[in-house]
Amino acid sequence: MATDNKPWRNRKERKEWARRLQSEDPGLEVVHPHAAGIDIGNGAHYVAVRPERDPKPVQRFECFTADLHRLADWLRSCGVKTVAMQSTGVYWIPVYEVLEERGFKVYLVNARHTKNLPGRKSDVQESQWLLKLHTYGLLNNSFQPSGEIRVLRTYWRQRADHVRGAATCVQRMQKVLTQMNIQLANVISDVSGLTGQTIVRAILAGERDPVKLAELSHSGIRASRDEVAKSLEGNWRPELLFVLQQEVEMYDIYQHRITECDQQLQEQLASFADATPLPSPEAEPKRKRIKPAKNAPRFELRSELQRITGVDLTRIDGIDVMVAQTLVSEVGLDMGRWKTEAHFASWLGLCPDNRTSGDKVLKRGTRRVVNRAATALRMAAVTLMRSRTYLGAQYRRLRTKLGAPKAITAMAHRLARLVYRMLKYGQRYVDKGAEYYEQRYRQQQIEFLRKKAMKLGFQVTPVNS
């Protein structure tokens, strides 16, 4: 029986009661009375305000900077305080920055939430439709980090583009060497490493003797000098040597650009204030020495991130300094933008999004979200395969049960929750080890079997091995 205070008995009845209240009271109240809607375009922007604000409530503005300031002046004269616009390509960025600088509350709206415009679509109707939806509070504001985080994000994304460009040059070097039948990749692990680059540059300098080229290899190379010399016998075609020369020069240019990005990153991180000092923690266990990533910045990035966040995200197994920097650049430092860790995981697209109709699940899975932070967390989850930690044991168990794709998503979700807790509450991550997870899992299975046996009228008696 339902109690006098609560007309529901379980979660299903509570959801049904909430749906009934919403149907009886749709709640279409004016939430933003001083609103405006902007239809963003490449050549012009259409801006709509309420009819009582101006005799001509919809006006067209060009995309030039002077016109954007004129747009802001007109909105100010109309008494507008909040503005809604769609995130159309990159055309919205100048408008967003000008309006934000002028003190307007700008709502950046996902275009999927506003596409159901009835009738024939036009730019004027689109701006009016945005105004109407925003006036009644039917649009959600998309996440935008603070200005200093956006600067950091620009530098980090540009650096990532240069890293991908350098990787493409290395692939083309390998292709050219293979066409000349220089099988250097079969005796060394990385053509872009110290030995590989030394030998390639010696070839471009005119050296053709395989024995002399093999003597340039590092002593740590597992292959013998004779094997290296044997791999360096090929046909020295001039057109392929020309391509190799250009790819090496392009590789050097990318490395120089990466160094410039590192300098800007270091300066931008230095401008961040120190995080609020946390209570002095007890002595932390010593970290296992991890070899830095090949494309990691050349300055002490880990200590800088720890200074501005107040926590060490690299304590979480699978998250290295590159993943931590990606998370800070894409997400920022203020976790208060999301109510709970579940909202944060949903924004990343790492939680279930089951499509239901008529109380039937039509499709299971996660939303298709293009998010660099989520991609970084998925890559971090993959590295847990051979980890002898709590998270590694959990990932291997999920991989056996669900398969690799679902296990990667589940562990990325788990990592996202840990990151949220550390950044918001300043919690430290302490790994309990793989053995603790296995024992805990075993106890859970024993408890499950005991309850199942009790339902069937049996009693489970543990047997000491």
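Our subject is the structure that appears above.
Residues numbered from 1 in each chain as written. Predicted model: local features only at pLDDT ≥ 70, side-chain atom pairs only at ≥ 80, totals over all residues. Heavy atoms only, no water.

Each helix and strand counted, the chain has 16 helices and 7 strands in total. For 465 residues, the compact-globule formula gives about 23 Å, and the C-alpha radius of gyration of the chain, at 29 Å, lies well above that figure. By principal-axis analysis of the C-alpha atoms, the chain measures approximately 85 × 80 × 50 Å. When the 465 residues of the chain are sorted by exposure, 38% land in the buried category. In the chain, the proportion of contacts linking residues at least 24 apart, taken out of those at least 6 apart, comes to 65%. If you average the places of the 76 positive and of the 50 negative side-chain charges in the chain, the two averages end up 8 Å apart. (Helix = DSSP H or I, 4+ residues; strand = E, 2+ residues; numbered from the N terminus. Rg over C-alpha atoms; globule rule 2.2 N^0.38 Å. Buried < 20%, exposed > 50% of the residue type's maximum accessible area, 1.4 Å probe, protein only. Contact = heavy atoms within 4.5 Å. Lys, Arg positive; Asp, Glu negative; His and termini not counted. Charge placed at Lys NZ, Arg CZ, Asp CG, Glu CD.)

What follows covers the nonpolar core. In terms of nonpolar packing, the biggest core is built from 54 residues, with Ile316, Ile319, Phe344, Leu348, Leu377, Leu391 and Leu415 touching the most fellow members. The element that contributes the greatest number of residues to this core is helix H15 (residues 404-425), accounting for 11 residues. In this view, Ile319 contacts Leu313, Thr314, Ala324, Leu327, Leu377, Ala380 and Val419; residues no more than four positions away in its chain are not counted. In this structure, Leu213, Val228, Leu232 and Leu240 belong to the second largest nonpolar core, which totals 27 residues. (Core = buried A, V, L, I, M, F, W, Y, C linked by side-chain atoms within 4.5 Å.)

To continue, consider a positive patch on the surface. On the surface, a cluster of positive charge is contributed by Arg112, Lys115, Lys363, Arg367 and Arg368. Tracing the chain through its elements places Arg368 in the loop between strand E7 (360-363) and helix H13 (372-382). (Patch = residues over 30% accessible without salt bridge, like charges linked within 9 Å, V, L, I, M, F, W, Y side chains within 5 Å. Areas by Shrake-Rupley, 256 points an atom, 1.4 Å probe, with all protein chains shown as cover. Salt bridge = Lys/Arg side-chain N within 4 Å of Asp/Glu carboxyl O.)

Here we take up the packing of aromatic side chains. All chains considered together, the criterion is met by 11 aromatic pairs. Measuring from centroid to centroid gives 5.9 Å for Phe61 and Trp74, while their planes differ by 45 degrees, and the two rings are tilted. Highlighted residues: Phe61 in strand E3 (residues 58-62) and Trp74 in helix H2 (residues 65-77), separated in sequence by 13 residues. Under the relative-accessibility criterion, Phe61 is labelled buried at 1%. Both rings, one in Tyr390 and one in Tyr437, keep their centres 5.1 Å apart while their planes meet at 90 degrees; by these two values the pair is edge-to-face. Note that Tyr390 is positioned in helix H14 (residues 390-402) and Tyr437 in helix H16 (residues 434-455), a separation of 47 residues in sequence. Overall, the relative accessible area of 11% leaves Tyr390 in the buried class. One aromatic cluster is present, built from ring pairs that chain together Phe143, Trp338, Phe344, Trp347 and Tyr420. Directly above the ring of Tyr107 sits Lys105, whose terminal nitrogen or CZ lies 5.9 Å from the centroid. (Phe/Tyr/Trp six-rings, centres within 6.5 Å; stacked < 30°, edge-to-face > 60°. Lys NZ or Arg CZ within 6 Å of the ring centre and 35° of its normal.)

Once that is clear, we can look at unusual backbone geometry. Generally, phi is negative for residues other than glycine and the peptide bonds are trans, each holding for most cases. A positive phi is found at Asn181, a non-glycine position, where the angle reads about 60 degrees. Its relative accessible area of 43% is what places Asn181 among the partly exposed residues.

The next thing to look at is the pairing of strand E1 (residues 35-39). Where burial is concerned, most of E1 is hidden: 5 out of the 5 residues are buried. What you see with E1 is no split at all: Ala35, Gly37 and Asp39 on one side and Ala36 and Ile38 on the other are buried throughout. Note that E1 and strand E4 (residues 82-86) share 4 bridges and pair parallel. Its bridge partner lying in E4, Ala35 is registered against Thr82. The pairing of E1 with strand E2 (residues 44-49) spans 4 bridges and is antiparallel. Opposite Asp39, over in E2, you have Tyr46 as the bridge partner. (Pairing = 2+ DSSP bridges.)

Moving on, we get to H16. Here H16 is 22 residues long and its end C-alpha atoms lie 32 Å apart, about the 32 Å a rise of 1.5 Å per residue gives. Looking only at H16, the buried set comprises Ala434, Tyr437 and Ala453. The arc that holds the buried residues of H16, viewed along the axis, is 140 degrees, so those residues lie on one side. Counted as exposed and oriented over 90 degrees from the buried face of H16: Glu435, Gln439 and Met454. (Expected span 1.5 Å × (residues − 1). Arc of directions from axis to C-beta.)

Another aspect to go through is the packing of helix H5 (residues 147-179) against helix H9 (residues 238-270). Where H5 meets H9, the axes come as close as 9 Å, and the angle between the chain directions of the two elements is 160 degrees. It follows that H5 is roughly antiparallel to H9 by the angle criterion. Where H5 crosses over H9, the handedness of that crossing is left-handed. Along the lines of polarity and charge, the residues of the contact of H5 with H9 split into 22 nonpolar, 7 polar and 6 charged. (Axes fitted to C-alpha atoms, helices over the stretch in contact; angles between N-to-C directions. Parallel < 35°, antiparallel > 145°, perpendicular 65-115°, else oblique. Left-handed = near helix turned anticlockwise from the far one by under 90°. Nonpolar A, V, L, I, M, F, W, Y, C, P; charged D, E, K, R; others polar.)

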